[in-house]
Amino acid sequence: MSFNKRILIFLLICLSLVLLVTAGCTSQSEPGGAPEDAAGEIKIGVVATLSGDGADYGVSIKRGLETARDRINGAGGINGRKISLVIEDSHGDKNEAINAVQKLINRDRVLAIIGPTNSGEMFAAGPVADKAGVVIMGTSNTARGIGEIGPYVFRNSLPEDNIIPITVRKSKEKLGFNRVALLYSSNNDWAVSSAKTFEEALREQGVAIVETQTFADGDTNFQAQLTRVAAAKPEALAVSALYKEAALLLIQARQQGINLPVMGGNGFNDPELIKIAGEAAEGALVGSPWFAGKDDPAVRDFVEEYKKRYHTVPNQFAAQSYDALGIMAEALKTEGAAADRARFRDALAAIKDYRGVTGRFSFDENGNPLMDAVVLQIAGGTYREVK
């Protein structure tokens, strides 16, 4: 055999070995499978708004997940394997959310992802995870159309088109208004969706919308909008905004003498609203699947543990993220689900009547939640259930 032929055969052997190694590496990140972690842990990715506007939502989500993780691992984990959380900060930005999801899938090779925090982020990043065949589950996304993004997209946060009609009905029964002004953030996908739901629910309840005003996330001055609202002489306000803008709007409304009942969207489900707005938040109403004062042993245990860890009562976002990891842990008990992304997706979709701190939970055919909600009212600086 000539020298050149021996060199050629040697190079072909080397090339074959490289291709075999490459194929082995890539197969670990293909949609159907999930790589085994060296430490034997089940890696769940998290994308949350941990800084910037709305950071309190993301921090609450992170705390709820960490509390759930420690409870699950402390009870022996999943068939002896512990859950680990790989956490990324999206800063509330759609592009950052996409980058975080891509990193978690391709570099960290997580089994599934929880988050992102905002509905707009999920509309941007959800399709990325869905195309990769990786479950992504929102715990705070309430805009319409989240579950319909694709078969790998789920949420355990109750859509506002389920909650707001209940909020409007109970609020009208309690307060007897017939004329409402609607105010919402027009550059926030969730707030726009929430406002549309308010419009439909008010119309169905025979309530006239006498004025509509918009603003933007990050705005701090609402005087012009409130002046127009006052001129329309409404009997109540409906507001869809994140807690910071909502709190400032309430303060300025009271300063202008607009002392009317207020119904809020999901952004009102955060004690930070009360901390910032103080007395201006008194009387505000909001629908929620979570009530920290519920007479339930699981709720009491969670509230006690959360207060011990973080010296505050868990809000809806902490409770829903706590339940989200619990729901995932239930799906992980299915044979093969912890090692295969597709099997995990099917096991998650099959969850029925899961008992969590936010109540009894199931998924519908689109990965959206089936559960009940209550209406809460801020009174004495805390949330109380409206009976």
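Residues numbered from 1 in each chain as written. Predicted model: local features only at pLDDT ≥ 70, side-chain atom pairs only at ≥ 80, totals over all residues. Heavy atoms only, no water.

- Per an unreviewed UniProt entry, the recorded name for the protein chain is ABC-type branched-chain amino acid transport systems, periplasmic component, and the organism is Pelotomaculum thermopropionicum.
- Regarding the protein chain, the relevant UniProt record gives this comment under Sequence similarities (unreviewed entry): "Belongs to the leucine-binding protein family." (UniProt positions renumbered as here; feature names shortened; annotations may be inferred.)

1. A word on the overall build of the protein chain
Then comes step 1: Within the protein chain one finds 12 helices and 15 strands.
Then comes step 2: Expressed as a percentage of its 387 residues, the buried residues of the protein chain come to 51%.
Then comes step 3: Considering only residue pairs separated by 6 or more positions, the protein chain has 70% of its internal contacts joining residues 24 or more positions apart.
Then comes step 4: When the accessible area of the protein chain is evaluated, it comes to approximately 16,500 Å², of which 50% is carbon and sulfur surface. (Helix = DSSP H or I, 4+ residues; strand = E, 2+ residues; numbered from the N terminus. Buried < 20%, exposed > 50% of the residue type's maximum accessible area, 1.4 Å probe, protein only. Contact = heavy atoms within 4.5 Å. Areas by Shrake-Rupley, 256 points an atom, 1.4 Å probe, with all protein chains shown as cover.)

2. A short note on the packing of aromatic side chains
Then comes step 1: Tallied over the full model, the rule gives nine aromatic pairs.
Then comes step 2: Relative to Phe-317, the ring of Tyr-57 has its centre 4.6 Å away and its plane inclined at 50°; by these criteria the two rings are tilted. Residue Tyr-57 is found in helix α2 (residues 55–74), and its partner Phe-317 is found in helix α11 (residues 316–332); the two are separated by 260 residues along the sequence.
Then comes step 3: On the basis of relative accessibility, which here comes to 3%, the residue Tyr-57 falls in the buried class.
Then comes step 4: When its relative accessible area of 3% is taken as the criterion, Phe-317 is described as buried.
Then comes step 5: Each residue in the set Trp-290, Phe-302, Tyr-306, Tyr-310 and Tyr-322 is aromatic and connected to the rest through ring pairs, giving one cluster. (Phe/Tyr/Trp six-rings, centres within 6.5 Å; stacked < 30°, edge-to-face > 60°.)

3. Some details on the sheet that holds strand β8 (residues 236–240)
Then comes step 1: Strand order in the open sheet made by the seven strands is β7-β6-β8-β9-β10-β14-β15, with mixed pairing throughout. With one partner strand each, in any of the chains shown, β7 (208–215) and β15 (382–385) form the two edges of the open sheet. The average undirected angle you get between the axes of adjacent strands in this sheet is 25°.
Then comes step 2: Relative to strand β10 (residues 285–288), strand β9 (residues 262–264) runs parallel, the two being bridged by two bridges. Directly across from Gly-264, in β10, lies its bridge partner Val-286.
Then comes step 3: Together, β6 (179–185), β7, β8 and β9 form the strand contacts of helix α6 (residues 189–204), whose direction differs from that of β6 by roughly 165°.
Then comes step 4: Against the sheet, helix α7 (residues 223–231) makes contact with β6, β7 and β8, and its axis sits at roughly 175° relative to β7, the strand it touches most. (Pairing = 2+ DSSP bridges. Axes fitted to C-alpha atoms, helices over the stretch in contact; angles between N-to-C directions.)

4. With respect to α11
Then comes step 1: End to end, α11 covers 24 Å across 17 residues, agreeing with the expected 24 Å (1.5 Å per residue, within 8%).
Then comes step 2: Of all 17 residues that make up α11, 16 are buried, and the element is covered over most of its length.
Then comes step 3: At the N-terminal end of α11, a side-chain oxygen is found 3.1 Å from the backbone nitrogen of Phe-317, two or three residues along, and the residue is Asn-315. (Expected span 1.5 Å × (residues − 1). Polar contact = N/O pair within 3.5 Å; in protein donor to acceptor, adjacent residues only side chain to side chain.)

5. Some thoughts on the layout of surface pockets
Once rolled over the atoms, a probe with the size of a water molecule shows which space is left empty.
Then comes step 1: In this structure, the largest pocket occupies an estimated 320 Å³ of space.
Then comes step 2: Pro-271, Ala-292, Val-313, Thr-382 and Tyr-383 are the residues nearest the centre of the largest pocket, which is lined by 20 residues in total.
Then comes step 3: Only α9 (271–277) and β15 provide two or more residues apiece to the lining of the largest pocket.
Then comes step 4: If you tally residues by element for the lining of the largest pocket, the top one is α9, at three residues.
Then comes step 5: Residue composition of the lining of the largest pocket, by class: 10 nonpolar, eight polar and two charged.
Then comes step 6: Each of domain 1 (42–157 + 295–372) and domain 2 (161–288) contributes no fewer than three residues to the lining of the largest pocket. (1 Å grid on protein atoms, 1.4 Å probe; cavity = no way out; pocket = protein on both sides within 12 Å on 5 of 7 lines; lining within 4 Å. Points joined across faces, edges and corners; volume = space filled by probe spheres on them. Nonpolar A, V, L, I, M, F, W, Y, C, P; charged D, E, K, R; others polar. Domains from an automatic or database assignment.)

6. Describing the nonpolar core
Then comes step 1: The biggest cluster of nonpolar side chains holds 81 residues, and the ones touching the most others in it are Ile-44, Ile-83, Phe-268, Met-328, Phe-344 and Leu-348.
Then comes step 2: When residues in this core are grouped by element, the largest group, 11 residues, is from α11.
Then comes step 3: In this structure Phe-268 touches Val-239, Ala-246, Leu-250, Val-262, Leu-273, Ala-284, Val-286 and Tyr-383, once residues within four positions along its chain are discounted. (Core = buried A, V, L, I, M, F, W, Y, C linked by side-chain atoms within 4.5 Å.)

7. Digging into unusual backbone geometry
Then comes step 1: That bond from Gly-115 to Pro-116 is cis: its omega, -5°, falls within 30 degrees of zero.
Then comes step 2: Of note, Asn-79 is a non-glycine position whose phi angle comes to about 50°, a positive value.
Then comes step 3: Positionally, Asn-79 belongs in the loop between α2 and β2 (83–89).
Then comes step 4: With a relative accessible area of 72%, Asn-79 lands in the exposed category.

8. Some thoughts on the side chain of Ser-185
Then comes step 1: Its place among the elements puts Ser-185 in strand β6.
Then comes step 2: Under the relative-accessibility criterion, Ser-185 is labelled buried at 0%.
Then comes step 3: A polar contact of 2.9 Å, which involves the side chain of Ser-185, links it to the side chain of Asn-187.
Then comes step 4: When sequence neighbours within four positions are dropped, the list of residues in contact with Ser-185 reads Ala-191, Val-192, Phe-215, Ala-216, Asp-217 and Ser-240.

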